[in-house]
Amino acid sequence: MGTASHGDIELAYETFGPPGGEPLLLISGTGVQMLIFPEDLCDALVDLGFQVARFDNRDTGRSTHLTDAPAPGWFTTMIRPSSAPYRLEDMAGDAVAVMDALGWESAHLVGTSLGGMIAQTLTIRHPSRVRTLTSIMSTPAARIGTMPRVATLKAILKISGMPVTSPDQAAQEAVAMKRLIGSPRYPFDEREVGDIGRRSYERHPGTPEGDARQRAAVAVSGDRRKALAKVRVPALVLHGEDDPVIRLKAGQATAAAIPGARLVTYPGMGHDLPRALWPSMLDHIRSLALTR
């Protein structure tokens, strides 16, 4: 485990594979820790020739939590953007700091959900640091495809609103959320999902305020489509056709915005990375890396 610094922000990171591999940075989503990318997924990427790094975004896991910063709601940030304590640009800077700590001049980026938005922003702001961009179940703008159905939203709020005060409760919450927003066509291992929830709680239980600050960063960071139109980095967009959180049209909009981007969609995939689809996803990521 290592630590990178970006101003006052400390980022916890972990690497897999020998230094000689193609550098690949995994960037996770809202409120989840680096553990969301399982160890055997990282090992599978190593087997394909990558050196892999995963890290905790600010306000998650063992990275800095901005406990003294405001945690505005979505509506507040929309009418008063200055209320957000940071933006996606700052979170992209965190990712660059991890790359710097690893001595990587550039890397392949793979981001999921919020992580895809951070990867897009990093590619726009620091194109020379990016070898390829893979955006998974993400969106190019806060208002594209990000509103779940009312019933789904109510269920998400109910699960996330339940108090979690122990590792076992965290495991139960993780499984419940997976059932709700995961892939309807692909079964999942409840023990594995619960273990990730349990270990995440033991590393840091997280807070609703931290999640709110990350969501605020998304809300105030605008529409990236015009900037993405200038991107000349090889790009891949992966999206589930049954994603209830970030709808398919968001992935389609991302791919349409980036010149030459390849869009791959999966029937029956929700807002997660089903293990049954790993071989296909990893094959696409490897093929993209070979184009550079």
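Residues numbered from 1 in each chain as written. Predicted model: local features only at pLDDT ≥ 70, side-chain atom pairs only at ≥ 80, totals over all residues. Heavy atoms only, no water.

1. Overview of the pattern of salt bridges
Two side chains that carry opposite charge are able to pair once their charged atoms sit near each other.
Here's step 1: Per the counting criterion, the structure on display carries 17 salt bridges.
Here's step 2: In this structure, the salt-bridge partner of Arg-203 is Asp-56, at a minimum N-O distance of 3.0 Å. Of this pair, Arg-203 sits in helix α7 (residues 190-203) while Asp-56 is found in the loop between β4 (50-55) and α2 (74-79), placing the two residues 147 residues apart along the sequence. Judged on exposure class, the residue Arg-203 and its partner Asp-56 are both buried.
Here's step 3: Three or more residues are tied together by salt bridges with common partners; here these are Glu-14, Glu-39, Arg-54, Asp-195 and Arg-199. (Salt bridge = Lys/Arg side-chain N within 4 Å of Asp/Glu carboxyl O. Helix = DSSP H or I, 4+ residues; strand = E, 2+ residues; numbered from the N terminus. Buried < 20%, exposed > 50% of the residue type's maximum accessible area, 1.4 Å probe, protein only.)

2. Remarks on unusual backbone geometry
Here's step 1: Non-glycine residue Asp-59 carries a positive phi angle of around 70 degrees.
Here's step 2: Within the secondary structure, Asp-59 sits in the loop between β4 and α2.
Here's step 3: Residue Asp-59 is classed as buried on the basis of its relative accessible area, which comes to 3%.
Here's step 4: One non-glycine residue, Ser-113, adopts positive backbone phi at about 55 degrees.
Here's step 5: Mapped onto the fold, Ser-113 is located in the loop between β5 (107-112) and α4 (114-125).

3. Thoughts on a nonpolar patch on the surface
Here's step 1: On the surface, Met-147, Leu-153 and Leu-157 cluster together into a nonpolar patch covering about 310 Å² of accessible area.
Here's step 2: Position of Leu-157 among the secondary structure elements: in helix α5 (residues 150-160).
Here's step 3: The exposed category is assigned to Leu-157, whose relative accessible area is 54%. (Patch = residues over 30% accessible without salt bridge, like charges linked within 9 Å, V, L, I, M, F, W, Y side chains within 5 Å. Areas by Shrake-Rupley, 256 points an atom, 1.4 Å probe, with all protein chains shown as cover.)

4. A word on the UniProt feature "domain: AB hydrolase-1" (unreviewed entry) in the protein chain
Here's step 1: Per the UniProt entry, the sites bearing "domain: AB hydrolase-1" (unreviewed entry) are residues 23-141 in this numbering.
Here's step 2: Annotation note: span residues 23-141, helix share 35%, strand share 20%, distance between end C-alpha atoms 27 Å. (UniProt positions renumbered as here; feature names shortened; annotations may be inferred.)

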